[in-house]
Amino acid sequence: MLLALPLQAQWYIGGSLGFNRSFSDKNSYFNLSPDVGYTYGRWSFGAELTVDVFGVTEKEKPDFGIEIDPYVEYVFWESGILSFYVETGCGFRRFISDNPYTQWTPYIKPGLSLELTDHWAVQGTIGRLEYNSFHKTLYLEMDHSVSVGLYYKF
C-alpha cells in the first residue's frame, strides 16, 4: 500500500498570460505567470512567479511588479473532465516604479479545470477575495484577476 502512494501524485508545470484594458482611464495591464506544483489526490501545492507590467498609457511609462505566490488548491467537485477548486495563498510582490514598494497579499479564489487529455489541462479563475497590505484593505478584486492557463502533468 505504501508503494502505491507516489502513483497517486503528479508534478505539473504551466502558466498563464494576462491582459486587461481599462477604457475609462486608458490603462493597460499585462502579466506572465509561470507555475509549478505537485498534486496529491484532491490537493495541489505550488508556486507561481508573476511579472506584471501595468499603468501602460500613451503618455506615461509603465510600472513593473514581480510576485512570488505560494498556494494550496483543493478540488471540491469533479465530474468527468471538469472540476471546480478553491485556491488560497499569499503573494509577495515588489513594485518597481518611481516610488518602489513591497506588499503581501493573502487571498482566496475559485477556479475551474478542464482536463483535455491525461496530461494537458486548461485552468481558469475569475475574481479573488484578498487583503492588500499596502492599502490595508480587504476587497473583492475583479479587474486584474481573470486568468486562463495551460498546464502539463507529468
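Preceding this section is the structure that the text describes.
Below: a short report on this structure.

## A closer look at the packing of aromatic side chains
- According to the stated counting rule, one finds nine aromatic pairs in the structure shown.
- Measuring from ring centre to ring centre gives 5.5 Å for Trp77 and Phe84, while their planes differ by 45°; the resulting arrangement is tilted.
- Under the relative-accessibility criterion, Phe84 is labelled partly exposed at 31%.
- Judged by centre distance (5.5 Å) and plane angle (90°), the ring pair of Tyr152 and Phe154 falls under edge-to-face.
- Taking relative accessible area as the criterion, Tyr152 reaches 26% and is therefore assigned partly exposed.

## Things to note about the side chain of Thr105
- Relative to the helices and strands, Thr105 resides in strand β6 (residues 101-115).
- By relative accessible area, Thr105 is classed as buried at 3%.
- Within the structure, the side chain of Thr105 is placed 3.2 Å from the side chain of Gln103, a separation counted as a polar contact.
- Dropping the residues within four chain positions of it, Thr105 is found in contact with Gly89, Cys90, Gly91, Arg128, Glu130, Tyr131 and Asn132.

## Let's talk about a nonpolar patch on the surface
- A contiguous nonpolar surface patch, about 920 Å² in accessible area, is contributed by Leu17, Leu32, Leu49, Val51, Phe64, Ile66, Ile68, Phe92, Ile96 and Trp104.
- Breaking the nonpolar patch down by element, the ones donating at least two residues are β3 (43-56), β4 (63-79) and β5 (82-96).
- Here the nonpolar patch takes three residues from β4, the largest share from any one element.
- Within the secondary structure, Leu49 is located in strand β3.
- With relative accessibility at 38%, the residue Leu49 sits in the partly exposed group.

Calculation rules
Residues numbered from 1 in each chain as written. Predicted model: local features only at pLDDT ≥ 70, side-chain atom pairs only at ≥ 80, totals over all residues. Heavy atoms only, no water. Phe/Tyr/Trp six-rings, centres within 6.5 Å; stacked < 30°, edge-to-face > 60°. Buried < 20%, exposed > 50% of the residue type's maximum accessible area, 1.4 Å probe, protein only. Helix = DSSP H or I, 4+ residues; strand = E, 2+ residues; numbered from the N terminus. Polar contact = N/O pair within 3.5 Å; in protein donor to acceptor, adjacent residues only side chain to side chain. Contact = heavy atoms within 4.5 Å. Patch = residues over 30% accessible without salt bridge, like charges linked within 9 Å, V, L, I, M, F, W, Y side chains within 5 Å. Areas by Shrake-Rupley, 256 points an atom, 1.4 Å probe, with all protein chains shown as cover. Salt bridge = Lys/Arg side-chain N within 4 Å of Asp/Glu carboxyl O.

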